[in-house]
Amino acid sequence: MKESHPRPRSFSLHEKACKHLVGGVNSPVRAFKSVHGSPVYFAQAKGACVTDEDGNEYVDYIQSWGPMIHGHAPENVLDAIRETMEKGTSFGAPHVGEIEMALRIKARFPNIDKVRFVSSGTEAVMSAVRLARGVTGRDGILKFEGCYHGHVDSLLAKAGSGIATLGIAGSPGIPQGTVGDTLILQLNDEEMLEHAFSMHGKTLACVIIEPLPANNGLLPQRPEFLQRIRDLCDEHQVLLIFDEVITGFRFQQGGVSSVLDIQPDITTLGKAIGGGLPVGAYGARDEIMSQLAPEGPVYQAGTLSGNPLAMAAGSAAIDLLDNSCYDKLEALGIYLEDSINQILSKHNFPFNLVRVGSMFWMSPPSDDLIRSAADIPSESGSRYADLHYGLLARGHMLAPSAYEIGFLSTAHTRENIDDLCRALDSTLIEIEVKT
Ligand SMILES: *Cc1c(COP(=O)(O)O)cnc(C)c1O
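Criteria and thresholds
- Residues numbered from 1 in each chain as written.
- Predicted model: local features only at pLDDT ≥ 70, side-chain atom pairs only at ≥ 80, totals over all residues.
- Heavy atoms only, no water.
- Salt bridge = Lys/Arg side-chain N within 4 Å of Asp/Glu carboxyl O.
- Helix = DSSP H or I, 4+ residues; strand = E, 2+ residues; numbered from the N terminus.
- Buried < 20%, exposed > 50% of the residue type's maximum accessible area, 1.4 Å probe, protein only.
- Pairing = 2+ DSSP bridges.
- Contact = heavy atoms within 4.5 Å.
- Expected span 1.5 Å × (residues − 1).
- 1 Å grid on protein atoms, 1.4 Å probe; cavity = no way out; pocket = protein on both sides within 12 Å on 5 of 7 lines; lining within 4 Å.
- Points joined across faces, edges and corners; volume = space filled by probe spheres on them.
- Nonpolar A, V, L, I, M, F, W, Y, C, P; charged D, E, K, R; others polar.
- Core = buried A, V, L, I, M, F, W, Y, C linked by side-chain atoms within 4.5 Å.
- Domains from an automatic or database assignment.
- Buried area = accessible area lost by both parts, 1.4 Å probe.
- Axes fitted to C-alpha atoms, helices over the stretch in contact; angles between N-to-C directions.
- Left-handed = near helix turned anticlockwise from the far one by under 90°.
- Near = heavy atom within 4 Å.
- Polar contact = N/O pair within 3.5 Å; in protein donor to acceptor, adjacent residues only side chain to side chain.
- Areas by Shrake-Rupley, 256 points an atom, 1.4 Å probe, with all protein chains shown as cover.

Things to note about the pattern of salt bridges
When the charged atoms of two side chains with opposite charge come close together, those side chains can pair. Scanning the model with the defined rule gives 17 salt bridges in all. The closest approach of N and O atoms between E190 and R222, which form a salt bridge, is 2.7 Å. Remark: R222 occurs in the loop between β7 (204-209) and α8 (223-235) and E190 occurs in helix α7 (residues 190-200); sequence separation between them is 32 residues. Looking at R222, the relative accessible area reads 23%, which means it is partly exposed. For D419, the salt bridge identified is with R422, shortest N-O distance 2.7 Å. With D419 and R422 both in helix α14 (residues 414-434) and 3 residues apart, the pair spans about one turn of that helix.

Brief notes about the sheet that holds strand β11 (residues 352-356)
Ordered by their spatial adjacency, 3 strands build an open sheet running β11-β12-β14, and the pairing between neighbours is antiparallel. The open sheet has two edge strands, β11 and β14 (406-407), and neither has a second partner. Inspection of the sheet shows strand β12 (residues 359-363) paired to β14 by 2 bridges, in the antiparallel sense. Note on β14: the bridge partner recorded for M359 is F407.

Digging into the environment of R228
Secondary-structure assignment places R228 in helix α8. For R228 and E190, which are 38 residues apart along the polypeptide, the C-alpha to C-alpha distance reads 7.3 Å. When near neighbours in sequence (up to four residues on either side) are disregarded, R228 contacts E190, L193, E194 and E235.

Let's talk about helix α13 (residues 380-393)
Given 3.6 residues per helical turn, the α-helix brings residues three or four places apart onto the same face. Between its first and last C-alpha, α13 extends 21 Å over 14 residues, near the 20 Å set by a 1.5 Å rise per residue. If you check which residues of α13 are buried, you get S380, Y384, A385, L387, H388, G390, L391 and L392. Residues of α13 that are buried make contact with β3 (57-60), β12, β13 (396-397) and α14. Following α13 by one or two positions, G395 adopts a phi angle in the positive range, close to 90 degrees.

Some remarks on empty space enclosed by the protein
This model, assessed by the stated rule, comprises 4 cavities of 30 Å³ or more. Roughly 60 Å³ of internal volume is contained in the largest cavity. In terms of lining, the largest cavity is formed by F360, W361, M362, Y384, L398, A399, E404, I405 and G406. Element by element, the count of residues in the lining of the largest cavity is highest for β12, at 3 residues. Considering only residue class, the lining of the largest cavity consists of 7 nonpolar, 1 polar and 1 charged.

Observations concerning the nonpolar core
In this structure, I105, I340, M362 and Y384 are the most contacted members of the largest nonpolar core, which totals 55 residues. Mapped onto this core, the elements with two or more residues apiece are β3, α3 (96-108), α11 (308-319), α12 (323-346), β12, α13 and α14. With 8 residues, α12 is the largest single contributor of residues to this core. Split by domain, the residues of this core number at least three in each of domain 1 (8-61 + 322-434) and domain 2 (75-319). Residues F144, I229, C233 and F251 belong to the second largest nonpolar core, which totals 35 residues.

Comments concerning the domain arrangement of the protein
On domain assignment, one finds that the protein holds domain 1 (8-61 + 322-434) and domain 2 (75-319). Put simply, the middle of domain 1 and the middle of domain 2, counted by C-alpha atoms, are 26 Å apart. Every contact between the two is made by 28 residues of domain 1 and, on the other side, 29 residues of domain 2. When domain 1 packs against domain 2, close to 2500 Å² is buried across both sides, 60% of that on carbon and sulfur atoms. In this structure, the salt-bridge partner of K46 is E75, at a minimum N-O distance of 2.7 Å.

Considerations on the packing of α3 against α11
Where α3 contacts α11, the two axes come as close as 9 Å, and the packing angle between them is 35 degrees. Handedness of the α3/α11 crossing: left-handed. Across from G97, E98, E100, M101, R104 and R108 in α3, the residues of α11 making contact are M311, G314, S315, I318 and D319. Residues of the contact of α3 with α11, tallied by class, amount to 3 nonpolar, 3 polar and 5 charged.

Concerning the site of the ligand
Around the ligand lies a shell formed by S120, G121, T122, Y148, H149, G150, E210, N215, D243, V245, I246 and K271. At a separation of 2.6 Å, an oxygen atom of the ligand approaches a polar side-chain atom of T122. Separating an oxygen atom of the ligand from a side-chain N or O atom of N215 is a distance of 2.9 Å. Contact with the protein chains covers 84% of the free accessible surface of the ligand, which is 380 Å². Split into classes, the residues belonging to the shell around the ligand amount to 3 nonpolar, 6 polar and 3 charged.

Listed below in structure tokens is the structure:
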């Protein structure tokens, strides 16, 4: 087995890691459990490409699961980190970098008056929910099946991401009382929504949703559905949280909220805002944020929050995001969508590339756009595994799960996409021969 493995060094490192790290990894989806094989050990990453420990190169469409909107290790972000680190790597005290970063976020999220920085998307969501409960004095949460909001206890029910990949409904270790206040609905269903509000509207602190769900496939929502949520929240004095950890800064306008002009009460951010360093953030209007300590009674803190390196990397990454970047990402996206779908249909392979901006998903075929987790056929996973394996062997790294989306960065090129198409063509020929 060892000798025949296509990536012997990755394979033996994984064997070693499994003795010291749970499943050999620090985040479950990295284990490649839902596709053939074992994880690829990255040695180095630059631009659109990564190099593994065996010296193989791949064009990377995972891009650290979203943060690397400029590709890996962009020079101006590295410069900002180098320059900042010479002055100290953690202060535990206020510094100018936090103000600069907050200004950059507010410039693209007009409904945010004040920002609080944390160190991950999970932390941002967890704190936003606490704030919503503190502000409203209610406990109830309404979430949607397939939306992933980090590994927050009260939201780890019917979530996407690793939960979908590993086929588990929730997680042991979460008390019944904690999820007891969480209501779960299907996406794209106004009728159920109205019903839920009529039954529970008075006890809900917040509704939380990814306005463009992107952790259980890519499930674009109808604006009317999101607007209905907004209206019902207003009618029942329920706070609306848009979790834009994955979508924030993926659009010229900022987030999905600005694209659709539907404003949440609280926004959570992460991933791309950190320039590759650990950052999360949440923000809202003044009257909501003023309930947070030290101005108000809702407590939330962090030793490394607002870390100077993370703020510098984030600001540098955001500064690179001028309009030409978004034009480039959109043009690349269209090119990817058209060329991949041509090859998929040429081979009659039962997938269809669905794309919004620089985010894409190999979706099972469907007459209409799939908008709800319940509409994803459960048997699509194994076909995706064949595809993933064939592309990986040819130097193209797509997410090792049928439920995770892919990302384009400004470092990708049309040539990368042409190469991907050739690889897809020969992968599908190989699959046809085998079956
Ligand atoms: C990734 C993600 C999170 C969790 O962020 P982490 O930094 O992984 O904790 C939360 N919500 C959404 C929408 C995400 O995509």
